[in-house]
Amino acid sequence: MSQKQHSRPSHSARPTRLATLALFVSALFLMGIGPMQCRISDLFKIEVLSSPAEYVSGGDARVAIEVPAFIPLSWVTVALNGADITDAFDYDPATGKLEGVVTGLAVGENVLAVQAIKGGSGNKRKLSVQILTNHPASGPIFSGPQQEPFLCADDGDRANAELGPVVDEDCTIETVVSFKYRTTSGGWADYDPDAPTPADLAQTTTMDGDTVDYIVRWERGTINRFIYSIAVLSPNAQEVDAADLSAWNQRLIYYFQGGVAIGHYQGDPSRSRMLYDYGLGKGYAVAYSTGTKTGTHYNLELGGETAIMVKDRFVSGYANPDYTVGVGGSGGGIQQYVYGQNHKGLIDAGVPQYSYPDMLTQTIHIGDCELLERWMDFQTVLGNPKWANWENRTEIEGLNAINGFPNPYLALLPFLPPGSSECVSAWRGLSPLVLNPHFGTVPGISPADQASTEWTHYGDAINIYGVAADGFAASTWDNVGVQYGLGALKSGFIGAAEFIDLNSNAGSWKNEPEMVQEGCPFLSFLCPNPADLAGLPIFPDIYPNLLDPWSWRNMNTSPDFGATPGPRKEADPGAIEAAYEHGHVNIGDIQIPLIDWRNYLEDELDMHNSHQSFAARQRLLNYDGDASNQVIWFTDLRNFDQTPMAFEVIDEWMRNIQANPWKGVANNKPAAAVDSCFDPDGNLIYAGEDAWAGILDNEPDGPCTQEMPVYSTSRIVAGAPITGDIFKCHLMSIDDAIAAGVYGGVVFDAGQRAQLDAIFPTGVCDHSKGDARRP
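Please read these numbers as outputs of a predicted model, since none were measured by experiment.

Here is what the cut-offs are and how they apply
- Residues numbered from 1 in each chain as written.
- Predicted model: local features only at pLDDT ≥ 70, side-chain atom pairs only at ≥ 80, totals over all residues.
- Heavy atoms only, no water.
- Buried < 20%, exposed > 50% of the residue type's maximum accessible area, 1.4 Å probe, protein only.
- Helix = DSSP H or I, 4+ residues; strand = E, 2+ residues; numbered from the N terminus.
- Arc of directions from axis to C-beta.
- Contact = heavy atoms within 4.5 Å.
- Disulfide = S-S within 2.5 Å.
- Core = buried A, V, L, I, M, F, W, Y, C linked by side-chain atoms within 4.5 Å.
- Salt bridge = Lys/Arg side-chain N within 4 Å of Asp/Glu carboxyl O.
- Phe/Tyr/Trp six-rings, centres within 6.5 Å; stacked < 30°, edge-to-face > 60°.
- Pairing = 2+ DSSP bridges.
- Axes fitted to C-alpha atoms, helices over the stretch in contact; angles between N-to-C directions.
- Parallel < 35°, antiparallel > 145°, perpendicular 65-115°, else oblique.
- Left-handed = near helix turned anticlockwise from the far one by under 90°.
- Nonpolar A, V, L, I, M, F, W, Y, C, P; charged D, E, K, R; others polar.

Asker: Describe helix α16 (residues 538-546), listing the residues and the values that go with them.
Answerer: Note that an α-helix has 3.6 residues per turn; residues three or four places apart therefore point the same way. Buried residues of α16: Ile542, Tyr543 and Pro544, and no others. Projected down its long axis, α16 shows its buried positions confined to an angular sector of 135 degrees, all on one face. In this structure, the buried residues of α16 make contact with α7 (362-381).

Asker: Before we move on, can you summarise the state of the cysteines with the specific residues and values?
Answerer: In this structure the tally under the stated criterion is five disulfides. Residue pairing for Cys152: its cysteine sulfur links by disulfide to Cys171, the two sulfurs lying 2.1 Å apart. Handedness here is read from the sign of the S-S torsion; for Cys152 and Cys171, about -85 degrees, the answer is left-handed. Linking Cys152 in the loop between β10 (125-135) and α2 (155-160) with Cys171 in the loop between α2 and β11 (176-182), this pair joins segments that are 19 residues apart in sequence.

Asker: Break down unusual backbone geometry for me, with residues and values.
Answerer: Cys520 connects to Pro521 through a cis peptide bond whose omega is 20 degrees. By the secondary structure assignment, Pro521 is in the loop between β23 (508-509) and α16. Between Tyr543 and the following residue, Pro544, the backbone shows a cis peptide bond with an omega angle of 0 degrees. Within the element layout of this structure, Pro544 appears in helix α16. Unlike most non-glycine residues, Ser551 shows phi in positive territory, near 60 degrees. For Ser551, the location among the structural elements is in the loop between α16 and β24 (555-556). Residue class for Ser551 comes out buried when judged on its relative accessible area of 1%. Unlike most non-glycine residues, Leu637 shows phi in positive territory, near 65 degrees. The residue Leu637 is located in the loop between β26 (630-636) and α19 (643-659) in this model.

Asker: An account of the nonpolar core is requested, with residue identities and associated values reported.
Answerer: In this structure, Val325, Phe499 and Tyr743 are the most contacted members of the largest nonpolar core, which totals 164 residues. Residue contributions to this core peak at eight residues, all from α7. Those residues in contact with Tyr743, other than ones at most four positions away along the chain, are Gln483, Leu486, Leu489, Lys490, Phe499, Ile734, Ala737, Ile738, Phe748 and Val764. Residues Ala53, Ile85, Phe89 and Leu98 belong to the second largest nonpolar core, which totals 21 residues.

Asker: Give a description of the pattern of salt bridges that names residues and reports values.
Answerer: Per the stated rule, a full pass over the model turns up 34 salt bridges. Residue Asp208 is joined to Arg251 by a salt bridge in which the shortest nitrogen-to-oxygen separation is 3.5 Å. Of this pair, Asp208 sits in the loop between β13 (203-205) and β14 (211-213) while Arg251 sits in strand β17 (residues 251-255); the two residues are 43 residues apart in sequence, bridging distant segments of the chain. Across the pair Asp651 and Arg251 runs a salt bridge, and its minimum N-O distance is 2.6 Å. Separated by 400 residues along the polypeptide, Asp651 in helix α19 and Arg251 in strand β17 bring together distant segments of the chain. You can call Asp651 buried: its relative accessible area is 11%. Judged by its relative accessible area of 5%, Arg251 is buried.

Asker: So what about the packing of aromatic side chains? Which residues, and what values?
Answerer: Taken as a whole, this structure holds 37 aromatic pairs when the rule is applied. With a centroid separation of 6.4 Å and an interplanar angle of 75 degrees, the aromatic rings of Phe499 and Tyr743 are classed as edge-to-face. Placement of the pair is Phe499 in helix α15 (residues 496-506) and Tyr743 in the loop between α22 (734-739) and α23 (750-759), with a sequence separation of 244 residues. Phe499 sits in the buried class, given a relative accessible area of 0%. Using a relative accessible area of 2% as the deciding quantity, one classes Tyr743 as buried. Summarising the aromatic geometry, the rings of Tyr743 and Phe748 are spaced 5.0 Å apart at their centres and angled 90 degrees between planes, so their arrangement reads as edge-to-face.

Asker: Outline the sheet that holds strand β28 (residues 684-687), supporting the account with residue identities and numerical values.
Answerer: The twelve strands lie next to each other as β12-β11-β15-β16-β18-β17-β19-β20-β25-β26-β27-β28, forming an open sheet whose pairing is mixed. Of all strands in the sheet, those with a lone pairing partner are β12 (188-190) and β28, marking the two edges. If you compare each strand with its neighbour and ignore which way they point, the axes differ by 20 degrees on average. In this sheet, strand β25 (residues 594-600) lies alongside strand β20 (residues 349-353) in parallel orientation, the contact comprising two bridges. Directly across from Gln353, in β25, lies its bridge partner Trp597.

Asker: Can you break down the pairing of strand β5 (residues 76-80) residue by residue, with the values?
Answerer: Of all five residues in β5, five are buried, a share of seventy percent or more. The two faces of β5 match: Val76, Val78 and Leu80 on one face and Thr77 and Ala79 on the other face are all buried. Pairing geometry for β5 and strand β9 (residues 108-116), over five bridges, is antiparallel. Bridged to Val76 within β9 is Ala116.

Asker: Talk me through the environment of Pro670; I want residue IDs and the actual numbers.
Answerer: Along the chain, Pro670 turns up in the loop between α19 and β27 (676-678). For Pro670, a relative accessible area of 6% puts it in the buried group. With 266 residues separating them along the chain, Pro670 and Gly404 place their C-alpha atoms 44 Å apart. Leave out the neighbours within four places in its chain, and Pro670 touches Val649, Glu652, Trp653 and Asn656.

Asker: Can you break down α15 residue by residue, with the values?
Answerer: Most of α15 is tucked away: nine of the eleven residues are buried. Turning to α15, its buried residues number three or more, namely Ala496, Glu498, Phe499, Ile500, Leu502, Asn503, Ser504, Asn505 and Ala506. Taken together, the buried residues of α15 touch α7, α8 (394-397), α14 (486-491), β23 and α23. Within two residues after α15, Gly507 carries a phi angle of roughly 65 degrees, on the positive side.

Asker: Quick rundown of the packing of α15 against α23? Include the residues and the values.
Answerer: A pair of packed helices can be characterised by two numbers: the angle between their axes and the separation between those axes. Where α15 contacts α23, the two axes come as close as 10 Å, and the packing angle between them is 20 degrees. Classified by the angle between their axes, α15 and α23 sit roughly parallel to one another. The chirality of how α15 crosses α23 is left-handed. Packed against α15, whose contacting residues are Ala496, Ala497, Phe499, Ile500, Asn503 and Ser504, the element α23 presents Gln752, Gln755, Leu756 and Ile759 at the interface. Considering only residue class, the contact of α15 with α23 consists of six nonpolar, four polar and no charged.

Okay, here's the thing in structure tokens:
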């Protein structure tokens, strides 16, 4: 659980407790029991299966009750708020427990009481009690006040889920249940149970070995204001009011989706994920929500809340799965790491695909990209040939760069040779999306709401970060004391003068009140005709006034090209602490089985860079010294999807854990749950504990490390650890840095030493001490 959930209750909780006590006493009287006739005990073990007891939503909950062997089941009665609901429970011989769905829960706290009554005896009775705190299906539960403005999905986006109109201000859409079948040509078509069997109806064989007609029951509607979907095989009956679970394999996939967005919209659901062919064909039930799509928002507290509510709907309305496994790429992988940490039991295993440890710590080094690209581009203009070689940029940025690689921005930068970097090809435009309060938008927004909304990640999650002194959402981004290019200096790739010039010119991002709207190329209607640029001076007429791919207009840079250092930016007070307290940072507190798989895409300058899997592993190691629950697989290029194999290995792993729980996660690993790399056709290159040696240790490079080398980041080049989780570094004086050997054998002359003092007046980063603001 997140630190926030462990916090001490405030005094404001006391009235709620008094109200609960009053409700409990009232419930006893309704059951015909006086307060002196009962004694609260743990005789019966009451377990809420569908969600944590304090996070029930939608008015119902699936509950299991363990009855001691010496008590006949006929003696057991169950009451909700004093009303007898015993008939809602049946004995489950597989678990040896009573199980049932409690319905009709009032919003707020509800008392579920279990007692044993023998022949109406008046003896003092032992009661076991569970408080169920129910919340509206429209939310929220714990994510705080709901965001405004919040635009409902437009007709086209609702059509992706075949949903009707919005019916209220919470963007509620009437729940729909319909049926689809898989065609023999590999598509989906509507299935009408009253019509003749379609000639092109495909069959599928589940992982339990059953071959059935490939017909799917598809439920969708809204939960927590977002569009949700639940799909499951339904070959033997097609009833709207009751799911056919005859072909269900007792396992649930929660499909988390990626993307980058900053909220204020209900979202665009993905048909291929809602109706995930591999999972459904193998007999899994598949759950999905636009609220757990980071292409809708990146508030992972809201996302975790939504996932809890969607799973609650499945377990309450269908059944309790043997286990729930997450899947999803990029932001979908991040969610598995973060929710696996913050909400124990939400998912039991995960297949994070081309993931990162979390989203927020990516902003640390990606926020550097344009600061560094701008400097290197204009070094090229000024005649420094080093940075015209794109591959040299890796020495500063850490990320890969390739000469001759297609670069759509070169038309705006004719002084650069062909080539690109990951910063440009993958990340350009995302810094303004995250940082610029003017840049974002959503479908259907009014001009007034467009102008008044803070379009930043921090504004999207203002319930987490809080409000800064300037009235905007507090920001975590900080580069005070960061020595860009330090590794390149120590290796001799750049000299002391160039190191100083880089750090004097790098600057930082402006605070939100100072930012302005982006220009060309991000707003294409602002781009001039290239012929109109002829004869204009490069500075300042063309760059950045007419052409600004770096978002230079929103940077704080040197006013005189380095003679006066560009100011650095400090994180707003409380923002970093809040990010940790609300679970927005992956600290490695994850114990579930994980197969972290990605296609190796470094040669495509794809944003899903390969070192991220190892950043996640090191965080696991830093947390408790153990990363045995994480397996890392890479498959070269995009040709092959290793995910089905990962599901098979996860299933064997989970079955082992269920059969031998005392062995824990690591000792239940199947043989295939081992670090591996695969060729473009999915064939194994190497598997073994030493596959990735040399990345997180000082051993010689392992076979997979040699086959698929990893890159780094600008902050790693600047001396930070591979974990990438230092928002704000501790500082040390330059004298102390020199004494500690931070600069290796580099010696600064008196003039250079004075320049360093001017660039870093409060000192330089001491990364050995970790984050200065981590709670």
